Amino acid sequence: MNFRQADDTNSHLALEIKGVSKAFGRFPALKNVSLQAKDKEFLALLGPSGSGKTTLLRVLAGLEKPDAGEVRFDDEDFLALPVRRRKVGMVFQHYALFRHMTVAQNIAFGLTVRKRSEKPSKSEIADRVNHLLQLVQLEGLDKRFPSQLSGGQRQRVALARALAIEPKMLLLDEPFGALDAQVRRELRRWLRELHDRAGVTTVFVTHDQEEALDLADRVAILKDGELIQLGAPNAVYEHPATPFVFDFLGQACRLPGVIDGDRLRVADWESAAPEGAPQGAVEVFFRPDEVAFAPTDGAGLAAEVRGVAQRGPDVRIDCVVEGATMELIGHGPTLPPGVTPGLAVRIKPLRPQVYAAG
Amino acid sequence: MNPTIRLPGLAPLMLLGTLAVLGVLIVLPLGVVFHQAFAKGLAAYIEPLTHPDALHAIQLTLTVAAISVPLNAVFGVAAAWAIARFEFKGKSLLVTFIDLPFSMSPVVSGLVWVLLFGAQGWFGPWLRDHDIRIIFATTGLVLATVLVTLPFVARELIPLMQDQGADEEAAALTLGAGGWTTFRRVTLPNIKWALLYGVLLCNARAMGEFGAVSVVSGSVRGVTTTLPLHVEVLYNDYEFVGAFAAASILAGLGLVTLVLKTVLEWRHSGELSAGRRH
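(A) Quick look at the side chain of Thr55(A). Residues and elements named next belong to chain A. The topology assignment puts Thr55 in helix H1 (residues 53–61). Taking relative accessible area as the criterion, Thr55 reaches 12% and is therefore assigned buried. Leave out the neighbours within four places in its chain, and Thr55 touches Lys22, Phe24, Ala29 and Leu30.

Printed below as a string of structure tokens:
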């Protein structure tokens, strides 16, 4: 989990999105989405495919025009600016490197297309390209063509190319989507460090909740074109606003329950109701690894162990609770000794979240 | 593992059959053309080619190609760009229409212009009043040629551009490039070999077209005869050596096109549309 936050005291609002809607034919891709990002913030747009996250990113870049709403950046009407004047650095999902240009020509592109009066000299461009190659750790590959690079290298060229124009905002579309798991993790750390050093407001799109929670200062969760929740990674992980968010951010176990006054009842287990819980029938959600095991005479839900399997540092425990099969995860101290198939135990969700049943 | 299936006995037979057909239908006639052209020696071969009518036919053919090929290159790029990059109503209809000249007899492609601009055509009287000649003139030849060769460039580019997608162009725009710069520095370099391939085929057809051109030309000797028409005129006049000499130029053009086309397919297969990669 990432604890770095954009420094609240020094940063102002950079990006303001107000009531943005966009439909493709009859399909609504974005429905009245509003959110803000602070200066130098690292914001993740997280959602399943078709949630509108990429469309929102393309609206920010100027590649899509919204049907309604407002986008301001540093108090400037962004929608009135054409793509080329927005100065956003965009990294596309498949990098979109210019295939007929070398790495150095790719990175220099944004500088060479400037108006004559603003164009840096040849030697200035070469210096800048070298500096960026160093920054993305690709020294010596300047004469290669994109087809001669690995996926991870291409992604870094795309990033260097986007940074070359000294963008006001960096937009990344599934930056790790096309990479294998190991390269992905390495690049993730590196990207965060790069962001902190470059100090550019960054918006990135991902469908991988782990990536979003690990990297971003704040996470915006979208579903079917709507913004469902926006908050710091810890806040959204620990207090998901809806069952969808709970489910999307990690594994979920669910059981029906009832809230009566300040008590939560699930089958024969009763505990204090979480704060602000709705009255009446509810859905109780909890993480499979946030569970305490107790002997049958203790407090908790009656469960029967069906299977136990060691999985690295964790133990997977298949249980039947209230007639439903659940896959729980025990590790370290939460795991009771001698759990074997056939054993009757009681389990107590440590941090249940309740949502009105519906 | 080699995916070729071996059929003992049958395969050589099929190969021999194919070679025989190719030999009889292509190599033999091509040989005859050159044989006939040189039947009475080199001097007799060159003499009819230096005749003013022949020179004019060559010049007219080059002129018509020089006008209609660039027109089609521009149209092809524009059409492919529109079709590959944008969604609009009637797109599939447009694609179908681009293909129409391929499925239509070239005679029709010539005749439509006569019906429009001929003496009895829709605009005939108006053109006559204003002393503008289209039919039986170079303009008519160009129009007929453009129509016949319309699909060549567009059909090469559409699948390639659809394949490549619009991301590189979008990237260029976000980096601050304008529309024209993006086209010149990103789009054009990505399609240049396919464009050249299309232009090559378009040119071969433009110079060799007979049917459509024949309708609008009126075959006025030394005035509106392109090289293919010149061959016919000479042949009908029993000037066989001259006819075959002119035909040998067309055949030579075909061979040069073939070589260039093969070189393109071989050297730049990755940058041609999928159907041209070997």
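(B) Structural context of unusual backbone geometry. Positive phi values are uncommon outside glycine, yet Glu166(A) reaches one of about 45°. Note on placement: Glu166(A) falls in the loop between helix H4 (151–164) and strand S7 (169–173). Here Phe136(B), not a glycine, exhibits a phi torsion of approximately 65°, which is positive. For Phe136(B), the location among the structural elements is in the loop between helix H6 (124–129) and helix H7 (138–149). Of the residues examined, Phe136(B) reaches a relative accessible area of 40% and is grouped as partly exposed.

(C) Fine view of the interface of chain A and chain B. Contacts between the two partners involve 20 residues from chain A and, on the opposite side, 17 residues from chain B. When the two sides are added together, the surface that chain A and chain B hide from each other amounts to roughly 1800 Å², 62% of it contributed by carbon and sulfur. Put simply, chain A and chain B have one salt bridge between them. Across the chain A-chain B interface, the total number found is five residue pairs in polar contact (both at pLDDT 80 or more). Contributions of two or more residues to the side of chain A that touches chain B are made by strand S6 (88–91), helix H2 (103–112) and H4 of chain A. Here the element with the most residues in the side of chain A that touches chain B is H2(A); it accounts for three residues. Partitioning the side of chain A that touches chain B into residue classes produces 13 nonpolar, three polar and four charged.

(D) Structural view of a nonpolar patch on the surface. All names here are of chain B. A cluster of nonpolar side chains, contributed by Leu15, Leu16, Leu19, Val21, Leu22, Val24, Leu25, Ile26 and Val27, occupies part of the molecular surface with about 900 Å² of accessible area. Along the polypeptide, Val27 turns up in helix H1 (residues 10–37). The exposed category is assigned to Val27, whose relative accessible area is 57%.

(E) Structural view of the packing of aromatic side chains. Per the stated rule, a full pass over the model turns up 14 aromatic pairs over all chains. Between Phe244(A) and Phe248(A) the ring centres are 5.5 Å apart and the planes differ by 15°, which places this aromatic pair in the stacked class. A residue pair is termed a helical-turn pair when its members lie 3 or 4 positions apart in one helix, as Phe244(A) and Phe248(A) do in helix H8 (residues 243–249) at four residues. Note on Trp113(B) and Phe117(B): the rings are 5.9 Å apart at their centroids and 10° apart in plane angle, and the pair reads as stacked. Pair noted here: Trp113(B) and Phe117(B) are both in helix H5 (residues 106–117), with a separation of four residues, about one helical turn.

How each quantity is defined
Residues numbered from 1 in each chain as written. Chains lettered and ligands numbered in written order. Predicted model: local features only at pLDDT ≥ 70, side-chain atom pairs only at ≥ 80, totals over all residues. Heavy atoms only, no water. Helix = DSSP H or I, 4+ residues; strand = E, 2+ residues; numbered from the N terminus. Buried < 20%, exposed > 50% of the residue type's maximum accessible area, 1.4 Å probe, protein only. Contact = heavy atoms within 4.5 Å. Buried area = accessible area lost by both parts, 1.4 Å probe. Salt bridge = Lys/Arg side-chain N within 4 Å of Asp/Glu carboxyl O. Polar contact = N/O pair within 3.5 Å; in protein donor to acceptor, adjacent residues only side chain to side chain. Nonpolar A, V, L, I, M, F, W, Y, C, P; charged D, E, K, R; others polar. Patch = residues over 30% accessible without salt bridge, like charges linked within 9 Å, V, L, I, M, F, W, Y side chains within 5 Å. Areas by Shrake-Rupley, 256 points an atom, 1.4 Å probe, with all protein chains shown as cover. Phe/Tyr/Trp six-rings, centres within 6.5 Å; stacked < 30°, edge-to-face > 60°.

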